[in-house]
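# Structural characterization, general
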Amino acid sequence: MTHTVSADRSVRTAGPKFVVAYIAALLGCYFALITPASVTVALRLQQIDPEHKVGALALALGLGALLAVVANPLFGHLSDRTASRFGMRKPWLIVGIFGGTAGLLVVAFATTTTTVVLGWCLTQVLFNAGLAAMVALLPDQIPAERRGVVSALMGVCFPIAMIGGSFVAQAVAGLPPFWMFLLPAIAAPITVVILCAVLKDRRLDPADRLPFGVRDLARMFSFRPRHNPPFAWACLMVFLLSTGFSTFTTYLVYYLSDVLGVGGGEVAHAAFVVNLIAFGIALPASLAGGWITDRFGRRGLMMLSSAVMLALALAVMIVARSVPMLYLSAAIAGVGLGGYFCGHFAVPAALLSGDGEAAREMGVVNIALTLPSSLVPVYGPVLLSVGSGTSPNYPVLFGSGVVACLLAIPVMRKIRGLNRRSAG
């Protein structure tokens, strides 16, 4: 059953059944996409062409990330203009996730580097088409006063998928190569079908469909600061806090060996413990924070606390000279991530323009959320080389993360109504 609504209204009747199906589908999609991005594409290229694996991996992941950045708002734009009798989001959920799964199978059975790169690009484009529609379901289906908990659940899907994917890839290492792609991918189409079965999708009247021409392509990535300043500030806030967190994680392995002197055989275990501490604390902290902000409002105070705690975690890393100090930093970061997760989607979703472009605008939020993980490795080596002889300058790198987190604080103050419960 679908509900016919105008282009600028949301269906907000979703119950617990939808929320469970929604989070399960998002977790399934992240599981299918993050596992190859972090582990199995690299392993596949090593199996096919070990001599040129580094350059091939850079090409595959770099080109895939670029296409993902383009695909998210593009397909969000198309989803906002879809007047299908099945609804606005369902067609893109099905086409995107099933198509992305097919791309993973191309990579799984590839015998050349070129096929791996093409298959991974196909995977990124189509999975992001599905994810653009999926993220738009938050403002479509969830009332503002319930978005804190749902945003928190959405936030913890990523680290759960990352840790789970690494475990699965390790568990099937002795099996034929296609299993390390097939097993993580199975859940995505199954959970998306279940989601579509329970989803009362928005249905757009063709008469209300906005035009889409060549001139619209130029503003696909725009968060239109003059048209909707609060939303633009919210995107910048998400970008800055995500930059701080990416600074914490990107060079963790090298920090363990270069600064703390952890031996090669122990680095992987120490990194796993750091992630386990940070995300193990972030999960209950985000759920508690989401409930508090849904119940009492004050999202601004929660995001402010998140910025301070993430900055403090990075500051501890600057002065840390032992693994226990690093674990303390991870615990502080976990508390900060808890506050961040319960608002990183909920705050921008409460500030959408309301002009029928929810999926496109949430696609821009997704870019603000994920782009720092690609940017930090680009400028990180430059910061590590500042004023240092033979040893990397980690204080400068982590200091940049502290600055990013602290800059988010005045940005938050620009967002009007952030602390009101009605602001979502």
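Residues numbered from 1 in each chain as written. Predicted model: local features only at pLDDT ≥ 70, side-chain atom pairs only at ≥ 80, totals over all residues. Heavy atoms only, no water.

## A word on the packing of aromatic side chains
Let me state the cut-off plainly: Paired rings are identified among Phe, Tyr and Trp, the last through its six-membered ring, by centres lying within 6.5 Å, and are further divided according to the angle between planes into stacked (under 30 degrees), edge-to-face (over 60) and tilted (the rest). Strands here are runs of E lasting at least two residues and helices are runs of H or I lasting at least four, both read from the DSSP assignment and numbered beginning at the N terminus. Note on exposure labels: buried denotes an accessible area under 20% of the residue type's maximum, exposed denotes more than 50%, and partly exposed covers the range between, all computed with a 1.4 Å probe on protein chains only.
Per the counting criterion, the structure on display carries 8 aromatic pairs. Arranged with centres 6.1 Å apart and planes meeting at 75°, the rings of Phe 245 and Phe 279 form a pair that is edge-to-face. Of the two residues, Phe 245 is situated in helix α8 (residues 229-250) and Phe 279 in helix α10 (residues 264-296); the sequence distance between them amounts to 34 residues. Both residues of the pair, Phe 245 and Phe 279, count as buried. Aromatic side chains Tyr 255 and Tyr 394 sit 5.6 Å apart centroid to centroid with 75° between the ring planes, which places their arrangement in the edge-to-face category. Highlighted residues: Tyr 255 in helix α9 (residues 252-258) and Tyr 394 in helix α15 (residues 394-413), separated in sequence by 139 residues. The two residues Tyr 255 and Tyr 394 agree in class, both being buried. Ring pairing ties together the aromatic residues Tyr 255, Tyr 394 and Phe 398, which thus form one cluster.

## Examining the nonpolar core
We apply this condition: Definition used in this section: a nonpolar core is a set of buried Ala, Val, Leu, Ile, Met, Phe, Trp, Tyr and Cys residues joined via side-chain atoms within 4.5 Å. Residue contacts are counted whenever heavy atoms from the two residues lie within 4.5 Å of one another.
Counting residues in hydrophobic clusters, the biggest one holds 116 residues, and the most contacted among them are Tyr 22 and Met 134. A per-element tally of this core places helix α1 (residues 16-48) first, with 15 residues. Apart from the residues within four sequence positions on either side, Met 134 is in contact with Tyr 22, Ala 25, Leu 26, Cys 29, Leu 93, Val 192 and Leu 195.

## Notes on the packing of helix α11 (residues 299-319) against α15
To be explicit about the condition: Lines fitted to C-alpha atoms define the axes here, with helix axes fitted over just the stretch in contact, and angles between the N-to-C directions of these axes take values from 0 to 180 degrees. In what follows, roughly perpendicular refers to angles from 65 to 115 degrees, roughly parallel to angles under 35, roughly antiparallel to angles over 145, and oblique to any angle outside these ranges. The crossing is said to be left-handed when, going from far helix to near helix, the turn is anticlockwise and less than a right angle, and right-handed when the turn is clockwise. Any residue that is not Ala, Val, Leu, Ile, Met, Phe, Trp, Tyr, Cys, Pro, Asp, Glu, Lys or Arg is counted as polar, Gly included; the first ten are nonpolar and the last four charged.
It is the contact of α11 with α15, at a shortest axis distance of 9 Å, that shows an interaxial angle of 165°. Here α11 lies roughly antiparallel to α15, going by the angle between them. With respect to the hand of their crossing, α11 and α15 are arranged in left-handed fashion. Residues Gly 300, Met 303, Leu 304, Ala 307, Val 308, Leu 310, Ala 311, Leu 314, Ala 315, Met 317 and Ile 318 of α11 form the contact with α15, whose own contacting residues are Pro 395, Phe 398, Gly 399, Gly 401, Val 402, Cys 405, Leu 406, Ile 409 and Met 412. Split into classes, the residues belonging to the contact of α11 with α15 amount to 17 nonpolar, 3 polar and no charged.

## Notes on the side chain of Gln 141
Counted only if it meets this: Counted as a polar contact is a pair of N or O atoms within 3.5 Å, where, for protein atoms, one must be capable of donating a hydrogen and the other of accepting one, and residues adjacent in sequence contribute only when both atoms are in side chains.
Counting through the fold element by element, Gln 141 comes out in helix α4 (residues 113-141). Residue classification places Gln 141 among the buried residues on the basis of a relative accessible area of 1%. A distance of 3.1 Å separates a polar atom in the side chain of Gln 141 from the backbone oxygen of Lys 200.

## Re the environment of Met 412
Structurally, the position occupied by Met 412 is in helix α15. In this structure Met 412 comes out as buried when scored by relative accessible area, which is 6%. Sequence-wise, Met 412 and Met 237 are 175 residues apart; in three dimensions their C-alpha atoms are separated by 6.6 Å.

## With respect to the environment of Pro 184
Counting through the fold element by element, Pro 184 comes out in helix α6 (residues 179-198). When its relative accessible area of 1% is taken as the criterion, Pro 184 is described as buried. A C-alpha to C-alpha distance of 8.0 Å links Pro 184 and Gly 28, two positions 156 residues apart in sequence.

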